[in-house]
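# Structural overview
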Amino acid sequence: MDADKTFCEFFAGIGLVGEGLRASGWACVYANDIAPGKRELYEALNGPSPRYHLEDVNRTAEIVARIPGRPALATASFPCVDLSLAGHYRGLDGRESSTFFAFAEVLRTLGARRPPLVLLENVPGFLTSRQGRDFVTAAETLAGLGYRLDAFVLDARHFAPQSRRRVFVVGAVEEIPAPARPASQPGMLRPANLVKILSTLRLPTGWLNLDLPDPPERGVRLEDVIDRDDAQDWWSKVEVDRHCRMMSDDHLRQVEKLRAGATPRIGTAFRRVRSGGQRTEVRFDGLAGCLRTPRGGSGKQIVVAIDACGLRMRWMTPREYARLQGMPDFPLIGSRNQQLFGFGDAVCVPAIQWVDRQVLTPLYESARASRGNGHAG
Ligand SMILES: C[S@@+](CC[C@H](N)C(=O)[O-])C[C@H]1O[C@@H](n2cnc3c(N)ncnc32)[C@H](O)[C@@H]1O
């Protein structure tokens with residue numbers, strides 16, 4: 001392994017960004033998060049990890065002092081809550097999502113030790129939060145630190161049976177050679193609203209315009225990750241009926257139609273609060289809904305099975321969450337809620353591997369090739 005291919009994982013949680021990077025030889029030299037329950041799960045996966053710094057990212061001096069040398073990459077899956085309805089769209093002014101600025105402050109304070117590459121990951125609301133102003137502010141902040149940027153939207157559905165669209169922003173110091181390319185066109189990875197930002201926002205460093213292939217067709221089916229045996233904690237008929245009564249007419253009709261057919265079907269559902277009260281919203285498109293952190297009943301995903309046993313429902317298990325994030329053998333420890341929180345907040349590992357293969361490792365190699373043995377920048 002190349003000893004210089006090192007990274008810092010900010011907002012590390014249970015460490016799935018790092019897990020995705022490890023496949024190509026990246027070595028984590030520093031991880032940071034504030035949640036002890038996440039660190040327990042990280043250490044269940046990685047073993048005792050003195051590099052995992054349990055500290056508020058706002059404590060710049062303490063954090064900078066713990067980062068060894070000059071890592072090649074810093075990743076930041078900063079909290080998304082304020083970029084969505086759950087955080088009342090407070091955006092980068094919100095208590096949690098404003099931690100982006102704390103991350104940027106760490107980069108600024110690192111000075112000559114600033115990593116030549118950065119990767120941000122967040123929800124699609126990052127592009128639209130406060131009429132797009134938050135994304136512009138974040139891009140300008142990174143450009144102010146000397147990074148040329150690119151951004152794309154990747155859905156985990158290409159790698160696992162889960163609908164999970166995420167915005168990725170890649171930054172590379174100006175010295176890293178990247179081919180000059182025409183501005184990006186709308187496509188699978190760059191929706192029209194993103195292309196508009198990329199073509200209208202003038203950054204002092206400019207944009208990278210990376211040439212990205214379309215992501216692959218998925219191989220894993222929802223049926224492959226959901227357990228259907230009797231050992232599962234299936235709900236009583238009373239509970240199933242109660243959830244059916246909470247369905248809209250459309251959703252109930254869909255369930256009844258599938259029950260009348262001969263083909264076994266697996267779907268998922270969420271309980272949602274809508275204007276008319278609580279609703280059970282089902283989907284049978286071969287994808288689980290986007291995993292979330294469990295807040296009350298509404299963040300937890302429900303499995304819906306229609307087969308020879310009739311209509312069955314139950315909560316999705318942490319093991320199934322782990323499979324949907326591409327980590328089928330993750331050593332689960334701690335409470336069920338801790339596990340659901342860990343995986344609901346995490347990333348889909350094969351999606352990160354794709355980002356690494358297509359973007360991060362090529363940029364890293366390009367930097368090495370241009371500077372002999374050292375980093376660019
Ligand atoms: C979206 S999650 C990232 C999860 C991670 N990518 C993973 O694979 O598990 C955001 C993380 O930011 C952490 N966080 C929130 N506020 C923080 C703060 N002030 N300092 C450090 N970490 C913080 C949360 O504990 C949470 O784990």
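Residues numbered from 1 in each chain as written. Predicted model: local features only at pLDDT ≥ 70, side-chain atom pairs only at ≥ 80, totals over all residues. Heavy atoms only, no water.

## Observations regarding the domain arrangement of the protein
Its domain assignment divides the protein into domain 1 (6-218 + 342-370) and domain 2 (228-316). Relative to domain 2, the C-alpha centre of domain 1 lies at a distance of 34 Å. The interface is formed by 11 residues belonging to domain 1 together with 9 residues belonging to domain 2. Taken together, the connections running from domain 1 to domain 2 amount to 0 salt bridges. Where domain 1 meets domain 2, there are 5 residue pairs in polar contact (both at pLDDT 80 or more). (Domains from an automatic or database assignment. Contact = heavy atoms within 4.5 Å. Salt bridge = Lys/Arg side-chain N within 4 Å of Asp/Glu carboxyl O. Polar contact = N/O pair within 3.5 Å; in protein donor to acceptor, adjacent residues only side chain to side chain.)

## Section: the sheet that holds strand β1 (residues 6-10)
Strand order in the open sheet made by the 7 strands is β3-β2-β1-β4-β5-β7-β6, with mixed pairing throughout. Strands with a single pairing partner mark the edges of an open sheet, and in this sheet they are β3 (52-54) and β6 (147-155). Across the sheet, the mean angle separating the axes of adjacent strands is 15° when strand polarity is ignored. Pairing analysis gives 6 bridges linking strand β5 (residues 117-122) to strand β7 (residues 165-173), with the strands arranged antiparallel. The partner of L120 across the bridge, within β7, is V169. Packed onto the sheet, helix α6 (residues 133-144) meets β5, β6 and β7 and runs at close to 140° relative to β6. (Pairing = 2+ DSSP bridges. Helix = DSSP H or I, 4+ residues; strand = E, 2+ residues; numbered from the N terminus. Axes fitted to C-alpha atoms, helices over the stretch in contact; angles between N-to-C directions.)

## Focus: the sheet that holds strand β9 (residues 277-283)
Spatial strand order, β9-β8-β10-β11: 4 strands in an open sheet with antiparallel pairing. The open sheet terminates on both sides in strands that have one partner only, identified here as β9 and β11 (310-315). Across the sheet, the mean angle from the axis of one strand to that of its neighbour is 25°, orientation sign disregarded. Here helix α10 (residues 249-260) sits on the sheet and contacts β8 (265-274), β9, β10 (302-307) and β11; the angle it forms with β9, its principal contact strand, is near 40°.

## Some points on the environment of A156
With respect to the secondary-structure elements, A156 resides in the loop between β6 and β7. A156 gets classed as buried once you look at its relative accessible area, which sits at 2%. Sequence separation between A156 and V347 is 191 residues, and the spatial gap between their C-alpha atoms is 8.6 Å. Not counting residues within four places of it along the chain, the set of residues in contact with A156 comprises Q162, R164 and C348. (Buried < 20%, exposed > 50% of the residue type's maximum accessible area, 1.4 Å probe, protein only.)

## A look at the pairing of β10
With 5 of 6 residues buried, β10 is to be regarded as a mostly interior element. Judged from the 5 bridges that link them, β8 and β10 form a sheet pairing that is antiparallel. Paired with A269 across the two strands is I302, which belongs to β10. Of the strand pairs in this sheet, β10 and β11 are connected by 6 bridges, and their pairing is antiparallel. If you follow I302 over to β11, its bridge partner there is W315. Following β10, the chain reverses through 2 residues before pairing antiparallel with β11.

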